Amino acid sequence: MDGRVAVRARRPLVDQVSGELRQAGAVAVVGPTGFGKSAVLDAVCTVWQSSGDPVVRLSSAPADAHLPYVPLVDLFTVCPADVSGELPDIQRSTIDWVLRRVTGPEPDPAILRVTVLSCLQAWGRRARLLLAADDMHWWGPDSLDVFGFAARRSRGSVSLLAALRPDGPLPQDVLGGDAVEIAVPALSPEESAAVVRSFGIPLRTAARIHTATGGNPRLVSDLAAGLARAGAPAVLDTQPLAPHARKALRAWLAGLAAPVHWVLLLASLAADPSPDAVRRAAGPSADVALAEAEAAGLIRVSGTVCFPAPVVRECLLAEASGEAVRQAHLALAAAASEDDDRVWHEASALTPAELPARLVPALADAATAARESGDHTRAAEFGLLAGGARHDLLVAAAWDAEAAGRFDLARTALEQLDRRRAVPAVRAQARLAVVDAAGRGAALVEHMAERALAEAVAADEPALASAAHLRLARSLWVNRGCHTEALTHARSAAELAGRAGDATTHSSALALTARIEQARGSPGHAELLRRALAAGTAAGAGRTPGEPRRIGVGFALLDDRLDEAGRLLDALHPPARPADRLWLLSSSVRIHALRGEGPVAREEAHRLLALTRELGASPGPPWHAAALAELAGGTLEQALAYADLGLTASQEDGDTVLATHCLHLSGMTRLLLRDVGGALADLLRVRDLVQDLGIVDPAEVRYDADLAEALVAAGDLPAALRTVADARRRAEEPVRRGVLASLDRAEALCHTAAGAYEAAEGLLDRALRTFDRLGYPLQRGRVLLAYSTVERRRRRPARARELQAEADAVFRRAGAPLWEPARPERTEVRGWPAGLTDAERRIVELVTEGRGNREIAAALYVSVKTVEAALTRIYRKLGVRSRVQLTALVQKSAHPAGR
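**Describing the overall build of the chain**
So, step 1. Check the secondary structure of the chain and you find 47 helices and seven strands.
So, step 2. Summarising its shape, the C-alpha atoms of the chain cover approximately 95 × 85 × 40 Å along the three principal directions.
So, step 3. Within the chain, the fraction of its 899 residues that count as buried is 54%.
So, step 4. Across the chain, every contact between residues at least 6 apart in sequence was considered, and the portion connecting residues at least 24 apart equals 67%.
So, step 5. Computed over 107 positive and 109 negative side-chain charges, the inter-centroid distance for the chain is 6 Å.

Here is the structure:
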């Protein structure tokens, strides 16, 4: 891994090791090959040297393992002359022998041990020496013996740092029994994304790399660098990753015996990768080989033989010869205990041209059995093996791949059909499966839906044409917000589905039409949705039997009917398809977050992120959901990080609608973090995007109240009032109660800034009642905090504290961070008369917030008398005689007439 990237990704670990090293004096950093132990040592050594203290790095390499005392050369080469000069002659002669300055018989090991110890102790008396030992699994036994003897006895004279593999020397043998052992963890998904993004690789590919590598830092960096050199891949690219990891894998496999290579190949190919199955195929040497491979960190052996970094399996298969793969399949077929496994391996040992006719029905039956058991990935793989003989099996494989969320397998089935020049209707079906397998990233394969439509029309298949129209409508609306084009396709889908008798696609098309009409502000959408929900739900060409209910959940959330949304969501359980599980988890996160159930929302968000990584789906929606969950039960900083990741991913996917939602969350979170400038920039972009998308309903993206609050904090009260008025007009038909309550809060802040406190209180009272009825506790807490601000400015500190405490309790029960309103920025006072110092301006700001003299004194860490004296000077400078006159002057200066 590139050093700078490694340090950024591992900064907390580097800080932990550095801290323990200074406290304990001896630290062992332990982790498998490729986990970045050397990079951690490099960073720690850099920190140590930054204080002016010396560092000695000892290392070795595979080629040096047979040479005695190679690591000691590093020590004696840099040992200062004044240190070696005080050693006895026999010890200096020993150093000369190690450095090959003299020839002769090997020194007595005891003398060599004492020489190293004396050198370290003498050097340690002159400086704070750090001895850092790397690659110790390549050290010979003589070097380990001498180093361990000297290191254990030099504790206190020097500090010791070692990088060890789990299958290498033990920390207590190298550094002593009381050495601190720190395990190097795999990179987290966010850390992997940071590394991959540093190479300019899209986030969806970053998620794929993290899954393929298991977070192994070296593999993450190698794959990202290799893909970058090859040209940035498309987000949905199925380009093999193995070529970019071969160099690392060859280094790991170096020195492993041939039986280990054979067992790893068998485990890579096994339909049943259990240890017993591998033993039956490999013979009596299997247990030793499995243990050696596990010690090297290449596999984990429990109920199955699995690869922590799946790309290692890809590499093993890519490195193996065709004949080796064939022989491994034959061995596994002979050892198989299940008929389906035997058929699988027999077919896999043959080329498509060699596949005998007798195996095709067996493969088709195996695909059916796997499908019925719910293992759609296995069903797709069986179908692909038999597909050379029957196109219908390839189409079934494509849909099985879609059901499993395996975009790569669906596209493989389509490629085979294209190569075999299947009839247009068959290819159209496979293209629809590929589009569905792409999920939220379907905008990037929109051309496939267009080709499927052309093929369906050419084949005169109205049901297929309807399904293609539906997918085009969904992509244009959900991903790109193109209302007019999406509506045209949705209506065509409904018409053709009705003509073909496809009730499922017809109801889905009606529901989507209703959703688009609602967003455009067109009447009649409620009746369309009612008809859609009343229609049949049996699976048809559309393959989306739950879509009307899913859209019904969306309508309920727009109408602030949380309980109904929850009931509709429950009716969609249990989800079978991965895409349905993703959508259900995302919707569940949103509902729990709105209810103020922060811990549950975060738990669901973590499940959603894990499932997304497992499936290789678009990471934009789950990061948006995770940001919502963090706002409801985590930290504002993490919410902002997730919102930023969601924005980047949605932009890479061409998903303008999701990008708009992520920007809103980013702007709102920045506002709560008191970053008024950043919040205003985000929220103004949201306003522009909403207008570009033609979204009329303010409940679609509920940003207006946050934008108004940001404008108040930035000192632009007229713009804030215009924002509230415009949004209020759009929220009144249809009545959007939650939006109107948020606008009440924002307008109250406008009135507070203008000193109209009674009007502000009336609006806040109404907002509290509304959010109580709707069941939005966090929004109610936000109103209470705004109310506290009003009371503070009215110089009612007791009531302000009471409201603050009530709001604190709301957010504490939810486990959420406080959603405090942003304070006005100091830019409000740019028009003040000259002559005020910075300290005086700060006091004026606190006065305009309604703070009393004691509160101001506490905030500024000065005495009350100091505040009183400062106010006297301020009144004199500005020509006023009271707090009321001062506040009025500030408001007039901040918002001059005609602005």
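Having seen the model, we can carry on.
**Side note on the sheet that holds strand 4 (residues 159-164)**
So, step 1. Read from one edge of the open sheet, five strands run 2-3-4-1-5, paired in parallel fashion. Two strands close off the open sheet at either side, each with one partner strand: strand 2 (55-58) and strand 5 (180-183). Across the sheet, the mean angle separating the axes of adjacent strands is 15° when strand polarity is ignored.
So, step 2. Where strand 2 lies against strand 3 (residues 130-133), four bridges are found, and the strand directions are parallel. In the strand pairing of strand 3, Leu-58 is matched with Ala-133.

**Concerning the pattern of salt bridges**
So, step 1. As enumerated under the stated definition, the model contains 59 salt bridges in all.
So, step 2. Among the salt bridges present, the one from Arg-736 reaches Asp-697, with a minimum N-O distance of 2.6 Å. With a gap of 39 residues between them, Arg-736 in the loop between helix 39 (717-731) and helix 40 (737-753) and Asp-697 in the loop between helix 37 (676-693) and helix 38 (704-714) connect regions that are remote in the sequence. Neither residue differs from the other here; Arg-736 and Asp-697 are each classed as buried.
So, step 3. Residues joined by salt bridges that share partners form a network here, namely Asp-559, Arg-561, Glu-564, Asp-697 and Arg-736.

**Quick notes on the nonpolar core**
So, step 1. Residues Trp-623, Leu-631, Tyr-642, Leu-764, Leu-778 and Trp-819 are the most contacted members of the largest nonpolar core, which totals 65 residues.
So, step 2. Of all the elements, helix 41 (residues 757-774) adds the most residues to this core, at eight residues.
So, step 3. In contact with Leu-778, other than residues within four places in its own chain, are Ala-593, Gly-596, Leu-631, Ala-632, Phe-811, Ala-814, Ala-816 and Trp-819.
So, step 4. Formed by 50 residues, the second largest nonpolar core is a distinct cluster that contains Leu-256, Ala-282, Phe-307 and Leu-332.

**Examining the environment of Glu-485**
So, step 1. Along the chain, the position of Glu-485 falls in helix 27 (residues 483-500).
So, step 2. Classification of Glu-485 by relative accessible area gives partly exposed; the value is 45%.
So, step 3. Sequence separation of Glu-485 and Arg-550 is 65 residues, and the distance between their C-alpha atoms is 22 Å.

**A closer look at the packing of helix 31 (residues 562-571) against helix 32 (residues 578-594)**
So, step 1. Two elements in contact, helix 31 and helix 32, have axes whose closest approach is 11 Å; the angle formed by their N-to-C orientations is 155°. Taken together, helix 31 and helix 32 sit at an angle that is classed as roughly antiparallel. When you trace helix 31 past helix 32, the crossing you get is left-handed. Residues Leu-562, Ala-565, Gly-566 and Leu-569 of helix 31 lie in contact with helix 32, whose contacting residues are Trp-583, Leu-584, Ser-587, Ser-588, Ile-591 and Leu-594.
So, step 2. The class makeup of the residues in the contact of helix 31 with helix 32 is seven nonpolar, three polar and no charged.

**Considerations on the packing of aromatic side chains**
So, step 1. Following the criterion strictly, the structure yields five aromatic pairs and no others.
So, step 2. Ring plane angle 70° and centroid distance 6.3 Å describe the contact between Tyr-69 and Trp-97, whose orientation is recorded as edge-to-face. Here the residue Tyr-69 occupies a position in the loop between strand 2 and helix 4 (70-78), and Trp-97 occupies one in helix 6 (residues 89-98), the gap between them amounting to 28 residues.
So, step 3. By relative accessible area, Tyr-69 is classed as buried at 2%.
So, step 4. Judged by centre distance (5.8 Å) and plane angle (50°), the rings of Phe-811 and Trp-819 are tilted.
So, step 5. By relative accessible area, which is 1% here, Phe-811 ends up buried.
So, step 6. Take Trp-819: its relative accessible area is 6%, and that puts it in the buried class.
So, step 7. Note that Arg-100 overlies the ring of Trp-97, its terminal NZ or CZ placed 4.9 Å from the centroid.
So, step 8. In this structure, Arg-113 is placed above the aromatic ring of Phe-149, and the distance from its NZ or CZ to the ring centre is 5.9 Å.

**Some thoughts on the side chain of Glu-840**
So, step 1. Note on placement: Glu-840 falls in helix 44 (residues 838-848).
So, step 2. Side chain to side chain, Glu-840 and Lys-877 meet in a polar contact 2.9 Å long.

**Considerations on the environment of Pro-68**
So, step 1. Note that Pro-68 resides in the loop between strand 2 and helix 4.
So, step 2. The partly exposed category is assigned to Pro-68, whose relative accessible area is 25%.
So, step 3. Linking Pro-68 and Leu-144, residues 76 residues apart in sequence, is a C-alpha distance of 9.9 Å.

**Digging into the pairing of strand 3**
So, step 1. By the alternation rule, side chains of strand 3 split into Leu-130 and Ala-132 and Leu-131 and Ala-133, which are all buried.
So, step 2. Examined bridge by bridge, strand 3 and strand 4 share four bridges and lie parallel to one another. Looking at the pairing, Ala-132 lines up with Leu-161 of strand 4.
So, step 3. Each parallel crossover has a hand, and the one from strand 3 via helix 8 (residues 141-153) to strand 4 is right-handed.

**Observations regarding helix 43 (residues 797-814)**
So, step 1. The end-to-end C-alpha distance of helix 43, which contains 18 residues, comes to 26 Å, matching closely the 26 Å that a straight helix rising 1.5 Å per residue would cover.
So, step 2. Among all positions of helix 43, only Ala-800, Leu-803, Gln-804, Ala-807, Ala-809, Val-810, Phe-811 and Ala-814 are buried.

**Quick word on unusual backbone geometry**
So, step 1. For the bond from Glu-733 to Pro-734, the omega torsion is -5°, close enough to zero to count as cis.
So, step 2. Inspection of the secondary structure puts Pro-734 in the loop between helix 39 and helix 40.

**Observations regarding helix 19 (residues 339-348)**
So, step 1. Burial analysis of helix 19 places seven of its ten residues in the buried class, the great majority of the element.
So, step 2. Check the buried side of helix 19 and you find it contacts helix 14 (258-269), helix 18 (322-335), helix 20 (359-372) and helix 21 (376-386).

**Quick look at the confidence of the model for the chain**
Any residue range with low pLDDT should be treated as having predicted coordinates unsuitable for detailed reading.
So, step 1. Mean pLDDT over the chain works out to 86, with 93% of the residues at or above the 70 mark.
So, step 2. Across residues 1-6 the pLDDT falls below 50, and counting only partners more than four positions away or on other chains, this stretch makes eight contacts in the model.
So, step 3. Every residue in residues 825-831 is under pLDDT 50, and counting partners more than four places away or in other chains gives 15 contacts.

**Regarding the packing of helix 6 against helix 7 (residues 109-126)**
What describes two packed helices is the angle between their axes and the distance between those same axes.
So, step 1. The geometry of helix 6 relative to helix 7 is characterised by a closest axis approach of 9 Å and an angle of 100° between their N-to-C directions. The pairing of helix 6 with helix 7 is recorded here as roughly perpendicular in orientation. Between helix 6 and helix 7, the residues in contact are Ile-90, Gln-91, Thr-94, Ile-95 and Val-98 and Ile-111, Leu-112, Val-114, Thr-115 and Ser-118, respectively.
So, step 2. In terms of residue class, the contact of helix 6 with helix 7 is made up of six nonpolar, four polar and no charged.

**Description of the state of the cysteines**
So, step 1. For the structure shown, the criterion picks out zero disulfides.
So, step 2. Not engaged in a disulfide, the cysteine Cys-662 finds its nearest cysteine sulfur in Cys-482; these two sulfurs lie 18 Å apart.
So, step 3. Given the relative accessible area of 0%, Cys-662 is considered buried.

About the cut-offs
Residues numbered from 1 in each chain as written. Predicted model: local features only at pLDDT ≥ 70, side-chain atom pairs only at ≥ 80, totals over all residues. Heavy atoms only, no water. Helix = DSSP H or I, 4+ residues; strand = E, 2+ residues; numbered from the N terminus. Buried < 20%, exposed > 50% of the residue type's maximum accessible area, 1.4 Å probe, protein only. Contact = heavy atoms within 4.5 Å. Lys, Arg positive; Asp, Glu negative; His and termini not counted. Charge placed at Lys NZ, Arg CZ, Asp CG, Glu CD. Pairing = 2+ DSSP bridges. Axes fitted to C-alpha atoms, helices over the stretch in contact; angles between N-to-C directions. Salt bridge = Lys/Arg side-chain N within 4 Å of Asp/Glu carboxyl O. Core = buried A, V, L, I, M, F, W, Y, C linked by side-chain atoms within 4.5 Å. Parallel < 35°, antiparallel > 145°, perpendicular 65-115°, else oblique. Left-handed = near helix turned anticlockwise from the far one by under 90°. Nonpolar A, V, L, I, M, F, W, Y, C, P; charged D, E, K, R; others polar. Phe/Tyr/Trp six-rings, centres within 6.5 Å; stacked < 30°, edge-to-face > 60°. Lys NZ or Arg CZ within 6 Å of the ring centre and 35° of its normal. Polar contact = N/O pair within 3.5 Å; in protein donor to acceptor, adjacent residues only side chain to side chain. Right-handed = clockwise from strand over helix to strand, strands pointing away. Expected span 1.5 Å × (residues − 1). pLDDT = per-residue confidence, 0-100. Disulfide = S-S within 2.5 Å.

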